[in-house]
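Examining the three-dimensional arrangement
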Amino acid sequence: MSAHDIPVPMTACAGAPLAGTAEVPGDKSISHRALILGALAVGKTRITGLLEGQDILDTAAAMRAFGAEVVQHGPGEWSVHGVGVGGFGEPDNVIDCGNSGTGVRLVMGAMATTPITATFTGDASLRARPMERITDPLALFGARAVGRAGGRLPMTITGASDPVPVRYELPVASAQVKSAVLLAGLNAPGETVVIERVATRDHTERMLEGFGADIFVEETGEGRVITLRGQPELVAQEIAVPRDPSSAAFPVCAALIVPGSEVLVPGISLNPTRAGLFETLREMGADLTYENAREAGGEPVADLRARFSPRMRGVVVPAGRAASMIDEYPVLSVVAANAAGETVMEGIGELRVKESDRIDTMARGLRACGVAVAETDDSMRIQGLGAGRVPGGATCETRLDHRIAMSFLVLGLAARVPVKVDDSAPIATSFPGFEALMAGLGARIVRVNH
Ligand code: S3P
């Protein structure tokens, strides 16, 4: 069942300062990869801190459908008994990846060099998203894909029976595409090479190395060149999933704009390929401090303290930073509305093909709340009104997009008049405890009638 069948409207309004510790859930990107690589390893991988959002539950179900034994032992505690590289069996039904672009694209990659056929679908948001960015490189391995017009789901992939290794330069800065090619390369003989001009999140490379794959990353004049030797035996691992910086972004940004707030988010990943938002917020004048830096699950982590920051200013966010904060622009635009002066976000065209067209969805909602926004195909300009000066008072459309829903609820916490979202149900895809966590900090976010 989809989490989005019944819309759940919610309203956020200004109130007391936010205070306390925000234990945000496990990293979504790392959780997908832990399940998929666990399923491709030999032996039992044990995972702690797994995100139990719907996106991840859908990937867990997909791994079961391909033959892995995936078991939940307790909250966040899972094990995956893998089938080994090349060991996927043919699913006996359609694989429903729900709302998750990462889930469907990584799983397509993982099965594309095994001679089986699988059909993939998802919710209305996922069925509208482009898949050719995945099926084009997978065709080079010898996989065949048949989908709807424009390369849309539902789509059937038949994996290559005699795969060849591939050298592929990413045409878009996308960790999903990079990861799909690397996962396909696992069952191709010889060396698969992926070249990325702009560094994107590197969890797949880190985790492949952890599972014992022969993978080598070189920084060259062409960009990052990643070389993977195919047909390794992946060895089951113990994986402690760090907390998700993309989820931490919501309580952190809320604390920055709600007067008097101070919130601590313990144990979030500080991986530099994910840290662009926090860098940008500091440039804007946000009071953010890192404490207790350490390592967990092969990733750098720290505790992050955020305090109300009434004097933030607008900045130019350069295109080169987009990949390291691609999921954080919606909530950044909320902070920008509460900062003084203009914020310009450049090189963000990829936002148009996320769970919703995030440039359009944010621009409409912000305008409805009294904030001036200009957009081009790949940029957005927000005229910040300064701390506590956003009028609010609108109902914002969320369009099956979890991050849009959470962003407008954060906006409402500092607006003059409450802000309503038409549907908060998609939040369950990435941050199932959002409502309770924000309530625990003192936020006034409540469910309302239609
Ligand atoms: C992800 C990559 C990004 C990001 C998504 C998670 C991943 O997508 O938006 O939420 O885990 O690889 P793109 O690869 O399309 O940029």
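Residues numbered from 1 in each chain as written. Predicted model: local features only at pLDDT ≥ 70, side-chain atom pairs only at ≥ 80, totals over all residues. Heavy atoms only, no water.

Concerning the overall build of the protein
Regarding its fold elements, the protein presents 13 helices and 24 strands. On C-alpha atoms alone, the protein measures out to a radius of gyration of 21 Å, which is about the 22 Å that the 2.2 N^0.38 rule sets for 450 residues. Expressed along its principal axes, the backbone C-alpha trace of the protein runs to roughly 60 × 45 × 45 Å. Looking at the 450 residues of the protein, the share that counts as buried comes to 59%. (Helix = DSSP H or I, 4+ residues; strand = E, 2+ residues; numbered from the N terminus. Rg over C-alpha atoms; globule rule 2.2 N^0.38 Å. Buried < 20%, exposed > 50% of the residue type's maximum accessible area, 1.4 Å probe, protein only.)

A few points about the domain arrangement of the protein
In terms of domains, the protein is made up of domain 1 (10-26 + 242-447) and domain 2 (28-240). Taken over C-alpha atoms, the centre of domain 1 sits 29 Å from the centre of domain 2. On the domain 1 side of the contact with domain 2, Arg-274, Glu-355 and Thr-429 bury the most area, a combined 23% of that side's loss. Counting across the domain 1 and domain 2 interface gives four salt bridges. The residue Glu-299 makes a salt bridge to Arg-206 at a minimum N-O spacing of 3.9 Å. The interface formed by domain 1 and domain 2 contains 15 residue pairs in polar contact (both at pLDDT 80 or more). Among the secondary structure elements, those contributing two or more residues to the side of domain 1 that touches domain 2 are β17 (299-307) and α12 (402-412). By residue class, the composition of the side of domain 1 that touches domain 2 is 11 nonpolar, eight polar and eight charged. (Domains from an automatic or database assignment. Buried area = accessible area lost by both parts, 1.4 Å probe. Salt bridge = Lys/Arg side-chain N within 4 Å of Asp/Glu carboxyl O. Polar contact = N/O pair within 3.5 Å; in protein donor to acceptor, adjacent residues only side chain to side chain. Nonpolar A, V, L, I, M, F, W, Y, C, P; charged D, E, K, R; others polar.)

What to know about the site of the ligand
As a structural note, the neighbourhood of the ligand is formed by Ser-29, Arg-33, Thr-102, Ala-173, Ser-174, Ala-175, Gln-176, Arg-201, Ile-326, Asp-327 and Lys-354. Protein coverage of the free-state accessible area of the ligand, which is 380 Å², stands at 95%. At the level of elements, α1 (28-40) and α6 (175-185) are the ones that each hand at least two residues to the shell around the ligand. Here the residues of the shell around the ligand are counted per class, giving three nonpolar, four polar and four charged. (Near = heavy atom within 4 Å. Areas by Shrake-Rupley, 256 points an atom, 1.4 Å probe, with all protein chains shown as cover.)

Overview of the sheet that holds strand β21 (residues 379-385)
Spatially, four strands are ordered β18-β19-β21-β20 in an open sheet, and the strand pairing comes out mixed. The open sheet terminates on both sides in strands that have one partner only, identified here as β18 (316-317) and β20 (373-376). On top of the sheet, helix α10 (residues 329-337) reaches β18, β19 (340-346) and β21; it is set at about 35° to β21, its chief contact. Packed on one face of the sheet, helix α11 (residues 358-368) meets β20 and β21 and runs near 165° to β20. (Pairing = 2+ DSSP bridges. Contact = heavy atoms within 4.5 Å. Axes fitted to C-alpha atoms, helices over the stretch in contact; angles between N-to-C directions.)

Side note on the nonpolar core
Grouped together as the largest cluster of nonpolar side chains are 75 residues, with contacts concentrated most on Leu-281 and Tyr-329. The leading source of residues in this core is helix α8 (residues 245-257), at nine residues. Apart from residues no more than four positions distant in its own chain, Tyr-329 is found in contact with Val-317, Arg-321, Ala-322, Met-345, Ile-348 and Leu-351. Judged by nonpolar contacts, the second largest core, of 64 residues, contains Leu-37, Leu-126, Tyr-168 and Phe-211. (Core = buried A, V, L, I, M, F, W, Y, C linked by side-chain atoms within 4.5 Å.)

Points about the environment of Leu-170
Relative to the helices and strands, Leu-170 is located in the loop between β10 (167-169) and α6. For the pair Leu-170 and Val-194, spaced 24 residues apart in sequence, the C-alpha separation works out to 7.2 Å.

Description of unusual backbone geometry
A negative phi angle is the norm for most residues apart from glycine, just as the trans form is the norm for most peptide bonds. Between Leu-153 and Pro-154 the backbone carries a cis peptide bond, its omega angle lying at -5°. Of note in the backbone geometry, Arg-399 takes a positive phi value of approximately 50° without being a glycine. With respect to the helices and strands, the residue Arg-399 is situated in the loop between β22 (395-396) and α12. Unlike most non-glycine residues, Leu-400 shows phi in positive territory, near 60°. Tracing the sequence through the fold places Leu-400 in the loop between β22 and α12.

A closer look at the sheet that holds strand β9 (residues 152-158)
If you trace the four strands from one edge of the open sheet to the other, you get β6-β7-β9-β8, paired in mixed fashion. Since the sheet does not close on itself, it has two edges, and those belong to β6 (95-96) and β8 (144-148), each with one partner. In the sheet, strand β7 (residues 117-121) pairs with β9 via four bridges, with the strands oriented antiparallel. Bridge pairing in β9 links Thr-117 to Thr-158. Against the sheet, helix α3 (residues 101-111) makes contact with β7 and β9, and its axis sits at roughly 175° relative to β7, the strand it touches most.

Structural notes on the packing of helix α9 (residues 276-284) against α10
Contact pair α9 / α10: the axes reach a minimum separation of 11 Å and the direction vectors enclose 5°. Viewed along their axes, α9 and α10 adopt a mutual orientation that is roughly parallel. Taken together, the residues of α10 that come into contact with α9 (itself represented by Leu-277, Thr-280, Leu-281 and Met-284) are Leu-332, Val-335 and Ala-336. Considered class by class, the residues forming the contact of α9 with α10 number six nonpolar, one polar and no charged. (Parallel < 35°, antiparallel > 145°, perpendicular 65-115°, else oblique.)

Describing the environment of Ala-112
Structurally, the position occupied by Ala-112 is in the loop between α3 and β7. Ala-112 sits in the buried class, given a relative accessible area of 0%. In sequence terms Ala-112 and Val-181 are 69 residues apart; their C-alpha atoms lie 9.2 Å from each other. Ignoring sequence-local partners within four residues, the contact set of Ala-112 consists of Leu-138, Ala-143, Gly-159, Ala-160 and Ala-184.

Notes on the pairing of β21
Taken together, the seven bridges between β19 and β21 define a ladder with antiparallel strand orientation. Counted as the bridge partner of Val-344 is Arg-381 from β21. In the sheet, β20 pairs with β21 via four bridges, with the strands oriented antiparallel. Bridged to Val-373 within β21 is Ile-382.

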